Amino acid sequence: MHTDLSPVVAATAQWLTRSFPACGGALSAALCEVQARQAVTVAALLRYPTAMDAALVSLAGPGGSARLDWVTGADAAVADGTGAADDGGAWRTWVDEVVASWAACLLGDPLLAARAVASLAGDDSTGAPGEFRRLLTPDDADSRAAVLLRHPDLLAPVRALHQDGLVALLGPDHTLTA
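Report follows, based on the coordinates. (Residues numbered from 1 in each chain as written. Predicted model: local features only at pLDDT ≥ 70, side-chain atom pairs only at ≥ 80, totals over all residues. Heavy atoms only, no water.)

Let's talk about the pattern of salt bridges
Applying the stated criterion to the full structure yields 6 salt bridges. Measuring nitrogen to oxygen at the nearest pair gives 3.9 Å for the salt bridge that ties Arg 47 to Asp 96. Separated by 49 residues along the polypeptide, Arg 47 in helix α2 (residues 26-47) and Asp 96 in the loop between α5 (74-80) and α6 (97-108) bring together distant segments of the chain. Of the residues examined, Arg 47 reaches a relative accessible area of 34% and is grouped as partly exposed. Here Asp 96 falls in the buried class, since its relative accessible area comes to 2%. With a shortest N-O distance of 3.8 Å, Asp 142 and Arg 133 are connected by a salt bridge. Classification of Arg 133 as partly exposed rests on a relative accessible area of 32%. Sharing partners across several salt bridges, the network here consists of Arg 133, Arg 134 and Asp 142. (Salt bridge = Lys/Arg side-chain N within 4 Å of Asp/Glu carboxyl O. Helix = DSSP H or I, 4+ residues; strand = E, 2+ residues; numbered from the N terminus. Buried < 20%, exposed > 50% of the residue type's maximum accessible area, 1.4 Å probe, protein only.)

Quick look at the structure:
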């Protein structure tokens, strides 16, 4: 992964895990975070496939979580200071709406996730597909931990934001260039 994408990946994964928290204790939280981070990493690599793309987003910034918060209803908690989302929130400016939407698509659709990882197979910045095992083939503990993170109805509003772009990108006639 391009190091310039690290803040985007970290913030977007954090947004996902706060919006769709783990069910259970510390182990469940860790398993949920790993799945979110893997989905966000794949989505970020698809969205910013070159080092130049990654450098540009690190200069301009990804846009923040405002629309995502609005879509999920977290904006009210942020505005009135009553929700867990109200934590000072500087990290929220590094959330990438498109990456979050694409990650939600990947978390909710195993076949789409497999196509996305396969499309990155020739990219030197990614490891083997085994690097994304928890995204592609979650075991029972992964599934229990991320029941909210992978719930299709809960993810639907976030997925709907940019799902068409991801499907078009991963279409049969499209080849990623890196």
